[in-house]
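# Structural characterization, general
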Protein chains: 2
Amino acid sequence: MTQTVQSGTSGTREDSIELLGLVAQLQLEAFTRSAEDSAVAPTLEQRLALSRFAADAVGRRDRVMDRIVEVGGDPLAAMAHFDHVLDDFDLRTSPSTWWERLLTSYVGYGVADDFCRIAAARLDESSRALVLDVLDDHSHADLAVAEIAAAGADDEVLVARLALWGRRLGGEALGVVQALLGSRPALLRIAAGTDVYIEAGEASGKLFGELTAEHTHRMGRLGLTA
Amino acid sequence: MTQTVQSGTSGTREDSIELLGLVAQLQLEAFTRSAEDSAVAPTLEQRLALSRFAADAVGRRDRVMDRIVEVGGDPLAAMAHFDHVLDDFDLRTSPSTWWERLLTSYVGYGVADDFCRIAAARLDESSRALVLDVLDDHSHADLAVAEIAAAGADDEVLVARLALWGRRLGGEALGVVQALLGSRPALLRIAAGTDVYIEAGEASGKLFGELTAEHTHRMGRLGLTA
């Protein structure tokens, strides 16, 4: 358990497996969520688009699982640490309209992905490149932005309600990251290695400041005040 | 509306578009169902396997949609005829256990696929080859068979309950086919062209006899009495 193998100039093999496991699990959750969104989407075009996002998430997840094998890890064990990682977020943020649903996926996965991008700085070079590539698919974000911007163009009430919803989502998503760092010491170590993100054994304000800034930027793309 | 273009030696372009639209819609429904099954599967391995089946269904559906374009049709319009085609089946067959759920997918899609295979005989050669190829993926069936056989090996009560559930599913699935033929005259015409499946403007006993025989064979693979 104490054996760590240096892999490249930064981070350990265990660190890579830990973060790759989280990324793989998040892609599995993204698959499930996109599929659920597809099942209840108002139009056939949306159902088709969302089903393709779901299928793409499966492909991305399998690439990450393959990488875990390459660095000598067990992908199932690595993912199992994060099983149901977003269940609590989902329970607390059950959307009541289609627009809230779109926003929930966009914001929830946005914050989680941002954390993974920051933590990826600590990984070996190949794993880091893979994580950044996997997280660089903006097709779901583009759909959410286009649909919410169109719907909100002449509906101030909707915009105000979604802005409120988005603020709540942001808070809940940051809570997920905080809970993750509290329950997985390895993740905290990885985040600590990337910069001055840890103070006195806890995630610092800097980490949450950056995640909040990205969330604000994301809401701005939708024309919503964070 | 009365213009029909002969395409190959059998069937018309309209017939091909009609059946391809049904197959594409069934693959979309199969995606949604596999994703739902994945979301509630007991183990991570099952979640992964079912998510891959779902992703494969998206790929198959897109191939069928491409074929609709090739023969000059509008894939969205073709699929829209069959939107929510299995909603009634789903409402009537809500599974109460994991095994019932696996069996529902296996039997429900089995019967629908059998109907499409029979009707495909009427299509132009390329469309027929595509439909048969698309419906030739047995990976979900293999999972259902392996898991149900293993679970039932030393549980006679489970086997008896699943056999009962399977008989009900078979009846409901045949009801879906009957309703489809009643609501889509073009499908009835396609089925009529394949053999002596139509009598006095209605689907004959022969069609349902073949579908029932296939259902019985399918149940037999699970060690269940149909």
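Note that the coordinates shown come from a computational prediction; the quantities given were computed from them, not determined experimentally.

### Some details on the relation of the copies chain B and chain A
- Of the transformation superimposing chain B on chain A, the axial component is 0.0 Å and the angular component is 180 degrees, with the fit at an RMSD of 0.0 Å. The transformation just described matches what one would write down for a two-fold rotation axis. In terms of proximity to the rotation axis, the leading residue of chain B is Ala55(B), whose C-alpha is 2.1 Å off the axis.
- When you check the interface residues of chain B against chain A, 100% turn up at the interface there too, and the contact is symmetric in its surfaces.

### Let's talk about the confidence of the model for chain A
- Here chain A averages 88 in pLDDT, and 90% of its residues register 70 or above.
- Confidence drops under a pLDDT of 50 for residues 1-9 of chain A, and excluding neighbours within four residues, the segment shows ten contacts in the predicted structure.

### Details of empty space enclosed by the protein
- In this structure the tally under the stated criterion is three cavities of 30 Å³ or more.
- Here the largest cavity defines a volume of roughly 90 Å³.
- What lines the largest cavity is simply Leu22(B), Leu26(B), Leu86(B), Phe89(B), Gly108(B), Val111(B), Ala112(B), Phe115(B), Ala173(B), Val176(B), Val177(B) and Leu180(B).
- Residue assignment for the lining of the largest cavity shows that the elements contributing at least two residues are helix H1 (13-40), helix H5 (98-120) and helix H8 (156-183) of chain B.
- Partitioned by chemical class, the residues of the lining of the largest cavity number eleven nonpolar, one polar and no charged.
- Estimates place the volume of the second largest cavity at around 60 Å³.
- Taken together, Leu22(A), Leu26(A), Val85(A), Leu86(A), Ala112(A), Phe115(A), Cys116(A), Val176(A), Val177(A) and Leu180(A) make up the lining of the second largest cavity.
- Mapped by element, the contributors of at least two residues to the lining of the second largest cavity are helix H1 (13-40), helix H5 (98-120) and helix H8 (156-183) of chain A.
- Partitioned by chemical class, the residues of the lining of the second largest cavity number ten nonpolar, no polar and no charged.

### Let's talk about the pattern of salt bridges
- In the structure shown here, the tally under the stated rule is 37 salt bridges over all chains.
- Of the charged contacts, one joins Asp137(A) and Arg60(A) as a salt bridge, the two residues approaching to 2.8 Å between their closest N and O atoms. Placement of Asp137(A) in the loop between helix H6 (125-134) and helix H7 (139-152) and of Arg60(A) in helix H2 (residues 44-70) is noted, with a sequence separation of 77 residues between them.
- Connected via shared salt-bridge partners are Arg52(A), Arg61(B) and Asp62(B).

Here is what the cut-offs are and how they apply
- Residues numbered from 1 in each chain as written.
- Chains lettered and ligands numbered in written order.
- Predicted model: local features only at pLDDT ≥ 70, side-chain atom pairs only at ≥ 80, totals over all residues.
- Heavy atoms only, no water.
- Least-squares fit on C-alpha atoms with pLDDT ≥ 70 in both.
- Contact = heavy atoms within 4.5 Å.
- pLDDT = per-residue confidence, 0-100.
- 1 Å grid on protein atoms, 1.4 Å probe; cavity = no way out; pocket = protein on both sides within 12 Å on 5 of 7 lines; lining within 4 Å.
- Points joined across faces, edges and corners; volume = space filled by probe spheres on them.
- Helix = DSSP H or I, 4+ residues; strand = E, 2+ residues; numbered from the N terminus.
- Nonpolar A, V, L, I, M, F, W, Y, C, P; charged D, E, K, R; others polar.
- Salt bridge = Lys/Arg side-chain N within 4 Å of Asp/Glu carboxyl O.

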